[in-house]
Each structure stands twice: as C-alpha cells, then as structure tokens.
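If you want the building blocks of each chain, they are given just below.
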Amino acid sequence: MIQKKVCMVGVFGTGKTSLVQQFVHSIFSAKYHSTVGVKIDRKVVDIGGTSVGLVLWDLAGRDASEDIPASYLKGSHAILFVVDGTRRETFDQLASLRELGRSAAGDVPSMVALNKADLTGEWVLGAREEAALTSQGHWLRTSAKTGAGVEEAFDWIARATLGEAGGAS
Amino acid sequence: MPDERAAPPDYLGLARDYDPASEEFAELRELLLGAERRQLAQLQRQLEKEQSPEGLADQLPEAIALRSGRDRQLARALAPTIDDAITESVRQNPREIATAIFPVLGPAIRKALAEAMAALVESINRAVEHTFSLRGLKWRLEAWRTGTPYAQIVIKHALVYRVEQVFLIHAETGLLLVHAAPPELKVTDADLISGMLTAIQDFVGDSFQQQEGGKLRTFSVGELTVIVEPGPQAVLAAVVRGQPPESLLVKLQERLETVHFQFAAAFADFSGNAAPFAPAQAMLEECLETVLSHQRTRAARGRLAWLRWALPLVLLAAALVWVALARQRRWSDAVTRLRAEPGIEIVEAERSGGTWRFRGLKDPLAAEPAVILAGLGADTAKLDARWKPYVSLEPSLVTARARQALSAPASVNFRLSGDTLYAEGAATLAWVSRASSLPMLPPGISFLSLSAVAANLSPELAALKSQIEGSLILFDIGSAAVLPARRGTLDSVGAAILSLSAATGRLGYRTDLELLGRADTTGTEETNQNLSRARVDAVGGRLVGLGVRPEAWSGVPLGVSNPLPGRDGIDQAQANRSVAFVVRVRPEASPPEGPR
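Residues numbered from 1 in each chain as written. Chains lettered and ligands numbered in written order. Predicted model: local features only at pLDDT ≥ 70, side-chain atom pairs only at ≥ 80, totals over all residues. Heavy atoms only, no water.

Asks: What exactly am I supposed to notice about the overall build of chain A here?
Replies: For chain A, the count of helices and strands is 7 helices and 7 strands. Element order for chain A, N to C, with α for helix and β for strand: β-α-β-α-β-β-α-β-α-α-β-α-β-α. Here chain A, with 169 residues, has 55% of them falling under the buried criterion. Taking the contacts inside chain A whose residues are at least 6 apart along the sequence as the reference set, 70% of them involve residues at least 24 apart. When the accessible area of chain A is evaluated, it comes to approximately 7,000 Å², of which 51% is carbon and sulfur surface. (Helix = DSSP H or I, 4+ residues; strand = E, 2+ residues; numbered from the N terminus. Buried < 20%, exposed > 50% of the residue type's maximum accessible area, 1.4 Å probe, protein only. Contact = heavy atoms within 4.5 Å. Areas by Shrake-Rupley, 256 points an atom, 1.4 Å probe, with all protein chains shown as cover.)

Structure follows, in structure tokens:
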C-alpha cells in the first residue's frame, strides 16, 4: 500500500484533532500533543481502487507561547491547514503557517479546511476571505461535529499526494 | 552609432585633398567626436575586462551568493559535476582527500570509539554487578570448570536478548518501509509506531538542540530497549527485550548500510510506495533470528541435549547400581548367614552371572543350606552347591547327634559342658537304662550324665507299683500275726513286687520295698514300737516266703509316728494297726539316691 505523510497544521483550538477523531485509526492518546507535540493517526483512503494510507501527523496547535516544530513537517507529502471559521485570527495566521509549511516541506500540495462549518451563526469568514483562499489553492468547509466535508478533504489530500487532484498548488 | 572610420560624404569635392591622417582632420574629428570616442574606448575596455577570467573571478562569488539565495537551481546544476570531481579526485589522489577530510573523520571516529567504550563500560558494570551474586559464584565455577576467562562467561550469560521487532523507516517522512516481527507477535500499527518513533526522534533532537547527526539512539521502557540506528535515507529501529549487546548495534548498522546500498534507487524515487523495499524484509528478519544470544542458546541447547540423554542414563545407572547393590547385599547376607550356620563350613563362595556357587562341608544334621537361602529370598534354581559331609563339634550339633544316637524323647534336654553331656528332664526307665548302657558316645562327648533325668515307670509297672503302695495289711489290736483274711492281699502284693522286680531287673534296675510298720496309740510307745517292728517282720517274712529276696525289702517300724489319717478315732486306730508299702526303683549300680 502506498503511504503518504500528511501534516495537519493549524492554530490551537481549530479542531484538528476533532476533525480526525471520528475518521481515523489511532492508537495514541491526545496527551501526546502536550508532550511530544504530535499525535500520529492513520486514515486509509480508496482512490480509484488504489488504497492510500495517509499517515496523519496531527501537530499540536500553534499558540502564543509555542511554535510548531518545523522538523515534524519535514518530508510531508501534503499539508492540511485547519482554520476555525468562527475565529478570524486562525485565518489570519494562515499565511505564516503556509510559509512554515513551505520552508519545512517544500512545495507540497496543501489545502485549507475551514472547520466548524456547523456553527453558521458564529461564522466570521465572508466572501472576501473565501476569494483569497480560492486564489491560493484548494479549500473546503468541514465540520468535525457533523462530519461534513471531512471525507472529501481527506479524499482530496490523498489524490493530491498522488498528483491527481485538480488545483493542487 | 556611426562608424568612426567611415569617410563622410564628399559634399565639397575635397575628397582628393582629404587625408585622414592629416592633423586638421584629426583636430576636426576630435572636436566633433572626441567625447564619444573616449566613452566608447572606456566601455570597450570594461567589456574586455569583464569577459576575461580575471573579471569572472571578481564577480563569480557574488553571483553564486546571489543565485543561491534565490533558489537551489545552482546547487542542483553543480551537484553532478561536483560528484564527478570528487570521484575523480579520490581516484587520482586519495592521500590528499584523506588528509582533507581528516578533520571530519577524526570526530566521527572519536564518536564511534566513545560509543564502543560506553558499551564496554556497560559490560564491565554488568560483570561487577554479577560478581558477588549467587549467579556470579555459579559463573565463577563455570569459568573454573571450563577453563574460560570469567569475563567471557559473564558476557555469555549477560547478553541475553530478543529482538522482537525491526522497523525500516523512511528518514524524511517517517513512513514505514519494512516491518519485521515474529508471526506470534501481533503488531497492527507498525506504521503509526514508525511515525511516532520518527516524531519522538525529531522531538528529542529539537528539544535538546542537538547538532546535525545527533539523534536519539536508544531508549528503554521496562524490559524493552528500542535501538534506533539513523541513516541518511532510512532509520532502522529494533525493539529488543532484555539486554541488547553491542554486537546487535553493529549488526543493525551493517543492515542499514546494506539497505542504503541496495535500495539507493528506490530511495531516490520514493514517494510513499514501500513496495520496492519488500526484498529488505528478509534482511530485517535475519535480525529477528538472533532471538537469544548464540552462545547462550547453544550452551542451553547443549545442556539440554546433555540432560536429554544423560538423565535416563543416570537413572538407569542408578537403578542398575541399586539392583547390583541389592544383589550384592543379598549375596553377602547369604554368605554371612551360611557361615554363621552351625554345621556348615564354606570353603568357596562365588557369584557369577545370576548363579550362586558354594563349595564346602556340611554336617548331615545341619540345616539345609538351600532352605536357608530360600528363606533369604535367593533363587534356589540358580544355586550350585556341593557339600561334603563332615562331623561338626558345634555344641548344637553334638547335642543333636547325641539326641539322635540316644533316641531321646522330647522330654529330655541336653546341655553340653566341656565334653560332658548333661541330660535333664524325664524319660522312661527303659530309655534311661538304654542310655546309660550306650556302648559308644557320639563324637565330642566323653561323659553322659543321666542323673538329672527322672526315670518313669512304664504304665504297667506303674500300675503294679500303685497296686503295691495302695495295699495296707491290717492287724488286730496288739497282734503282729497276719490274719488269714489279709493273706490274700499280702500274696498279691508279693506277686506284684516279684513282677516289678523282674521287669526292672531286666532294665538294670532293682526294686526295693520298704515296709512301714505302724501301731495304734493305745499302749506305751515302746510297746507300739516293738509291735510295729513285729508287724513289719511278719509281713516281710511272709513275702520272703512268697519268693521275695530278703535283701529286697527293708522294714521301717514307725511306731505311732507318722500316723495314717482315718475317718474317726476307731477307723484311724484300725488303719494304723498296719503295714504299708513303699516301692523304690533305682539303678542297679547307681549310688543309693538313684533315680528320683
């Protein structure tokens, strides 16, 4: 089986872990985040009859005191940036996270998941932000709560690692 | 720009007079084009300078720095050339290359040495740890027994380990390339573990600000030790239970190098597909085969094998020894028993195969050896015994022989003291008579004493004796005359005593008769004494008249002493006016006390 390393990067509290919790195979507990700073899970995606094992490096969210260790990003085949659609600052930091990803992993496919899509009432991202995202690459609304968009996100990521996804940047 | 050498159009028809070298012309030219010409010349010089090697030398460093800052194109472009250059250089002048990279090699070698030293120290620590334990003593014994240096024994025992899993991990991505584990070990998440191992390595590297190359190499969790051997393209991680020896590290390093060498192309093209690395599986599984230290395994197997055949053998040997000892004991018991048996003299005794062989002497009266041996549990069917008869002087056999010779009844016991055989108990008069007249005593006996044997009369004779002693010859008051009415009684007493005498006389005994004369209490004692004597004499005379030899009877006039009892005074008086009889049978030649 082909395996791909995928890093999930985002600001603290964007719901990266929740995003994968229901959809991946995991043997490590969430406490790895506070200790090692990364939790590794697996998600097998079927792309046109080919199984792709996504080894998801769920990186601890960036917060004010701690940056994401670049070494974890090294060698990634794709990066999934996670933004909390209800918190504008998580969107604002996207650029610097992208830069971090590029410097550590090079030009690998990436996409943005606008998470917490179920919280429409608190949604703060408008058409302008979405247009900006569109110009930078692929993005999707996801909801860890309802599961909306999650499978599609991983599917896109898997295709992207195989060089099949449209719009991979 | 117009060519300076091109001639201007001849507008004034002065061409014939035109001389480009003329001073005026030069002046004119200077006036018209001077500044531009100087500028041109300077530009040309600059251009020439830039295109020369000197110019390139000035600008190249700046250019490289600029381009490297922008992208990696230059590095990519130069890499093959540099590779070739280095290869060529090494081929042509290895010494210089060696000198050049020595500063790099030095620390690397020092690092390797330091690791080796650390392993050695670890071994020594273990050795010291085991020196004073019970196990240590056992190992010392083993060292002494096998003649192996103690240190080797310690290492042999200390290095027990089991490589449970081996991971080949892509260094950059942390993706699992190959995983080897014994079939019984169910590992389903090797890819996650592989990722996490890589993450932990990164984490440790980042946390402790290790320089490039300084990676987490080993960590322990309880009994498990994880050895991580990093390489440029891949990492080899081994999960080891127990104490991994240094040799394992070397082995992992060698495997990792081989993997790098064999799969160089696969590494270059790697994009998540581990399939090209499948052939490395066998190589990793080889690492698993060192489940236990070879020496240890071999030694253990050797010991077990030894036990496998030695244990039954020892048991068999023990059983055989036990059987042999039991046989030996039974044999020696038998010999001892026979030697102790009176009348048996063993001259030769030997045991061969299952047969017991005896040669010796046996008194015919001795116990039968076969019976004795059978009583000891011996197999008499395998008994080969030849006994020559002889006469034993053992007291028990002497007495037995005497008993046989004398046909002694069971009521007679014998006791041998010196060469005198004492007979005790009771026997018939006939036996005593026969015994005393035995012409020859058995061997070992010079004298036979029968004085302690009570001689019994035969029933008929005893009846005669009773008849005589039960008879009482009564007299009238004051008379010593035998009344006619009493003569019959006296006659039968006479006949009885004659028969008895005749019978005992034939056995060498004489029978004496005592006549006890009594008187009643009337009259004086003297009268009564005389009367009792007279009565005795009267009866004795009468008996002599009947044929009894005078010396065969004796009178005992009792007077009124020892009176007989009676129903009443009259009856008693009558009973005591009498003569009673006591019969005594004694050996003819024996002293007066005779047989009792």
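Moving on, there is more to tell.
Asks: What is the right way to read the overall build of chain B from this model?
Replies: A count of helical and extended segments in chain B gives 18 helices and 15 strands. A buried classification covers 33% of the 596 residues belonging to chain B. Taking the intrachain contacts of chain B between residues at least 6 apart in sequence as the baseline, contacts between residues at least 24 apart amount to 61%.

Asks: Help me out: how do you make sense of helix α3 (residues 73-92) of chain B in this one?
Replies: Structural remark: α-helix, 3.6 residues per turn; residues separated by three or four positions point the same way. Helix length check: α3 of chain B, at 20 residues, gives a terminal C-alpha distance of 29 Å against a target of 28 Å (1.5 Å per residue), a fit within 8%. For α3 of chain B, the principal kink sits at alanine 79 of chain B and spans about 40°; a proline, proline 80 of chain B, occurs within the next four residues. (Expected span 1.5 Å × (residues − 1). Bend = angle between axes of the 7 residues up to and from the residue.)

Asks: Would you mind showing me how to read the packing of helix α16 (residues 484-506) of chain B against helix α17 (residues 525-546) of chain B here?
Replies: When two helices pack together, their arrangement is given by the angle between the helix axes and by the axis-to-axis distance. All names here are of chain B. Close contact between α16 and α17 brings their axes to 9 Å; oriented N to C, the two are set at 60°. Comparing their axes, α17 and α16 come out oblique. Of the two possible hands of crossing, α16 and α17 adopt the one that is right-handed. For the pair α16 and α17, contact is made by Arg487, Leu490, Asp491, Val493, Gly494 and Leu498 and by Val539, Arg542, Leu543 and Leu546, respectively. Within the contact of α16 with α17, the residues separate by chemical class into 6 nonpolar, 1 polar and 3 charged. (Axes fitted to C-alpha atoms, helices over the stretch in contact; angles between N-to-C directions. Parallel < 35°, antiparallel > 145°, perpendicular 65-115°, else oblique. Left-handed = near helix turned anticlockwise from the far one by under 90°. Nonpolar A, V, L, I, M, F, W, Y, C, P; charged D, E, K, R; others polar.)

Asks: Please explain the packing of helix α1 (residues 23-51) of chain B against helix α2 (residues 53-70) of chain B as it appears in this structure.
Replies: Residues and elements named next belong to chain B. Packing of α1 against α2 brings their axes to within 4 Å, and their N-to-C directions diverge by 75°. In terms of axis orientation, α1 runs roughly perpendicular to α2. Of the residues in α2, those touching α1 at Lys49, Glu50 and Gln51 are Pro53, Gly55, Leu56 and Gln59. Here the residues of the contact of α1 with α2 sort into 2 nonpolar, 3 polar and 2 charged.

Asks: I tried to follow the sheet that holds strand β9 (residues 412-417) of chain B on my own but got confused; where do I start?
Replies: What links the strands of a sheet is backbone hydrogen bonding, and the strands pair in either a parallel or an antiparallel sense. All names here are of chain B. Read from one edge to the other, the open sheet built from 3 strands follows the order β9-β10-β11, with strand pairing classed as mixed. Because the sheet does not close on itself, it has two edges, and the strands there are β9 and β11 (447-456). Between one strand and the next, the sheet's axes are offset by a mean angle of 10°, whatever the strand orientation. Across the face of the sheet, helix α13 (residues 395-406) comes into contact with β9, β10 (420-428) and β11 while running at roughly 135° to β9. Here helix α14 (residues 429-436) sits on the sheet and contacts β9, β10 and β11; the angle it forms with β11, its principal contact strand, is near 165°. (Pairing = 2+ DSSP bridges.)

Asks: Teacher, can you tell me more about the interface of chain A and chain B here?
Replies: When the parts come together, some accessible area is lost, and that loss is often what is quoted as the size of the interface. At the junction of the two partners, chain A supplies 24 residues and chain B supplies 23 residues. Between chain A and chain B, the buried area comes to about 2,000 Å², and carbon and sulfur atoms account for 61% of it. The largest per-residue losses of area from chain A upon contact with chain B belong to Gln3, Arg42 and Lys74 of chain A, which jointly make up 24% of the total buried on that side. Inspection of the chain A/chain B interface yields 3 salt bridges. With its nearest N and O atoms 3.5 Å apart, the salt bridge here joins arginine 42 of chain A to aspartate 189 of chain B. Counting every contact that joins chain A to chain B gives 4 residue pairs in polar contact (both at pLDDT 80 or more). (Buried area = accessible area lost by both parts, 1.4 Å probe. Salt bridge = Lys/Arg side-chain N within 4 Å of Asp/Glu carboxyl O. Polar contact = N/O pair within 3.5 Å; in protein donor to acceptor, adjacent residues only side chain to side chain.)

Asks: Help me understand the packing of aromatic side chains, please; the structure alone is not making it clear to me.
Replies: All names here are of chain B. On inspection of all chains with the given rule, the structure shows 7 aromatic pairs over all chains. Measuring from ring centre to ring centre gives 5.3 Å for tryptophan 331 and tryptophan 356, while their planes differ by 70°; the resulting arrangement is edge-to-face. Remark: tryptophan 356 occurs in strand β7 (residues 355-362) and tryptophan 331 occurs in helix α11 (residues 294-340); sequence separation between them is 25 residues. Each member of the pair tryptophan 331 and tryptophan 356 is classed as buried. Here the aromatic rings of tryptophan 331 and phenylalanine 358 are separated by 5.4 Å at their centres, their planes lie at 25°, and the arrangement is stacked. Highlighted residues: tryptophan 331 in helix α11 and phenylalanine 358 in strand β7, separated in sequence by 27 residues. (Phe/Tyr/Trp six-rings, centres within 6.5 Å; stacked < 30°, edge-to-face > 60°.)

Asks: Looking at this structure, how should I read the nonpolar core?
Replies: Nonpolar side chains in soluble globular proteins tend to end up buried together. Counting residues in each nonpolar core, the largest one holds 58 residues, and the members touching the most others are Val9, Val38, Trp57 and Leu59 of chain A together with Val166, Leu168 and Leu177 of chain B. No other element matches helix α10 (residues 280-289) of chain B, which puts 5 residues into this core. Ala402, Val412, Ile445 and Leu457 of chain B belong to the second largest nonpolar core, which has 43 residues in total. (Core = buried A, V, L, I, M, F, W, Y, C linked by side-chain atoms within 4.5 Å.)

So, to be careful, I would describe these as geometric facts and stop short of saying anything about function.
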